[in-house]
Each structure stands twice: as structure tokens, then as C-alpha cells.
Amino acid sequence: MIPPLEIQMRFADIDKMGHVNNAVYLNYFEAARMHFLVHLLGESWDWNKEGIILLKNEVEYLKPVLLEHKPVVNVGVEKIGNKSFALNYRLEVEGVTYCTGVSLLVAYNYMEQKAQSIPGVMREKLQTFKEEQ
């Protein structure tokens, strides 16, 4: 089990309406994604050779997050393809879902500058996590 990421709210995250600006949620999801992947693959993973690149994000805003909230983001594995996989996000405040999202990620070799099949170890760990969630 990978623990959810606790978000450190910043005053700059809040817009004139008094809630987290819609664009900031993608920053939260990015931080949660990296938190998830480091826990899943370890800190010594070679991201240049066996990396990922973001293809698409989707966000559904359900309730406004306010400065006084203490949100957490849970990450799950939605699907696994040959070269891509999707992660889903659930931003919660005190157990209530305020926002959900999905990212489509492509396995990418930055040294060769091209997409590649999901590396075997990454695929195995994603699949194991997906089955256990």
C-alpha cells in the first residue's frame, strides 16, 4: 500500500474566489504521481532510459478546496497498455472526495527520444498494484 500524498497548501494556490485555482490541481496530481512512482519503483530508477512522458490529463472538480483544508491525494492504476498506462487520482479532504483526475502516460526513452514498451519491472509493479488496490 502506498500512502496518499499530503498536500502542503500555499496561499498562492488560492484564487480571488477563495478556493484552489483549477490549474493548481494538476500540480497536486503531478506531485502525487511522482510520490507514487518513487514508492512503486524506488529512488534509483533510471528515468532517462526507462521514463514516462505525459500525454493527457483529465480533471473533474466536484467541490472547492479552501485554504484551511488539508487535502490528500490517492493514486491508483486505471489501465495498462503496451506502451502507455493510466493513473487515476482522488483528492480528498477528511475522507470526502473533492476532485478526481486521470493521466495517460507513455513509456519513453529520453536518451533515444522515443516511446517504448513499458519496461518489464515497471509493468509488473503497476500490475501488482492494480490487482491489490
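Above this note sits the structure.
Residues numbered from 1 in each chain as written. Predicted model: local features only at pLDDT ≥ 70, side-chain atom pairs only at ≥ 80, totals over all residues. Heavy atoms only, no water.

Below, the discussion takes up the environment of Met9. Topologically, Met9 is positioned in the loop between β1 (5-6) and α1 (24-41). According to the relative accessible area criterion, Met9 is buried, its value standing at 12%. A C-alpha to C-alpha distance of 6.6 Å links Met9 and Leu67, two positions 58 residues apart in sequence. Those residues in contact with Met9 that lie beyond four places of it in its chain are Ile14, Val20, Tyr28, Val65, Leu66, Leu67, His69 and Pro71. (Helix = DSSP H or I, 4+ residues; strand = E, 2+ residues; numbered from the N terminus. Buried < 20%, exposed > 50% of the residue type's maximum accessible area, 1.4 Å probe, protein only. Contact = heavy atoms within 4.5 Å.)

Reported here for the largest pocket is a volume of approximately 200 Å³. As for the largest pocket, its lining consists of 16 residues, and the residues nearest its centre are Ile2, Asn74, Val75, Gly76 and Phe129. Within the residue set of the lining of the largest pocket, elements represented by two or more residues are α1, β3 (72-80) and β4 (84-93). The leading source of residues in the lining of the largest pocket is β3, at four residues. (1 Å grid on protein atoms, 1.4 Å probe; cavity = no way out; pocket = protein on both sides within 12 Å on 5 of 7 lines; lining within 4 Å. Points joined across faces, edges and corners; volume = space filled by probe spheres on them.)

Position of Glu30 relative to the elements: it lies in helix α1. Residues Glu30 and Asn74, 44 residues apart in the sequence, show an inter-C-alpha distance of 12 Å.

Among the 14 residues of strand β5 (residues 96-109), 10 are classified as buried, and the element is accordingly described as predominantly covered. Bridge count for strand β2 (residues 51-61) against β5 is 10 bridges, and the pairing is antiparallel. Each residue of the ladder has a partner; that of Val59, found in β5, is Gly101. Pairing geometry for β4 and β5, over 10 bridges, is antiparallel. (Pairing = 2+ DSSP bridges.)

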